[in-house]
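Commentary on secondary and tertiary structure
Each chain is listed here by its residues.
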Amino acid sequence: AAAEASFRKVLAIDPQAAPAYANLGVIAMRRRQWDQALTLLQKAEKLDPKMAGIRLNIGLVKYRREDYAGAIPPLESVLDDQPDSTQARYLLGLCQLYTERYAEAASTLEPLWQASSGDIMYLYALGIAAHRAEKKELDERAMSRLIEIGSDTPEFHLILGKAYLNRGDYEQAIAQLQKAEAAS
């Protein structure tokens, strides 16, 4: 509340202060007030279109609102400016996956392998994208790593069951889902 009041004081003095709008947008995001956050962030973007952090937050708000197609352009623009942005790349890859742009999702997510190949959810998303894009080597690498790092938790078996289901391997999917049920 104190930060919000301070940013509003800044705007009373300078109504063109893009950082104040951006920070108010972040406050709204933390409160999960997605409509208000988007309005504030878009105002900040109009005032300072070159600030990649604003566009990243716009993409994040759209992702949280499940507007995956709408999140793609701002996230792509962040990657154009900051190719090493792990967060923008991961969110973009997920949005591409959720909008059935599988080849793009696989290409977007693959460069995160070194940093993220210990993350079960990353491997799951990459495996689905690679499988649907018919990138057999990448699909097999993601699935092998998923199996390698997975432990005997219900979550792992649920994810693995979903992965097998998405691949059309129903026998393996049923076996994994039964393991998830037994372990919970």
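Here, every reference points to the structure presented above.
Residues numbered from 1 in each chain as written. Predicted model: local features only at pLDDT ≥ 70, side-chain atom pairs only at ≥ 80, totals over all residues. Heavy atoms only, no water.

Now for the environment of A88. Structurally, the position occupied by A88 is in helix α6 (residues 86-98). As for A88 and G53, which are separated by 35 residues in sequence, their C-alpha atoms are 9.8 Å apart. Those residues in contact with A88, other than ones at most four positions away along the chain, are L56, L75, V78 and L79. (Helix = DSSP H or I, 4+ residues; strand = E, 2+ residues; numbered from the N terminus. Contact = heavy atoms within 4.5 Å.)

Here we come to the pattern of salt bridges. Under the counting rule described, the total for this entry stands at 10 salt bridges. Between R8 and E4 there is a salt bridge whose closest N-O contact spans 3.5 Å. Of this pair, R8 and E4 both sit in helix α1 (residues 2-13), 4 residues apart, which is roughly one turn of the helix. The exposure class of R8 is partly exposed, given its relative accessible area of 39%. Exposure remark for E4: the relative accessible area of 19% places this residue in the buried category. (Salt bridge = Lys/Arg side-chain N within 4 Å of Asp/Glu carboxyl O. Buried < 20%, exposed > 50% of the residue type's maximum accessible area, 1.4 Å probe, protein only.)

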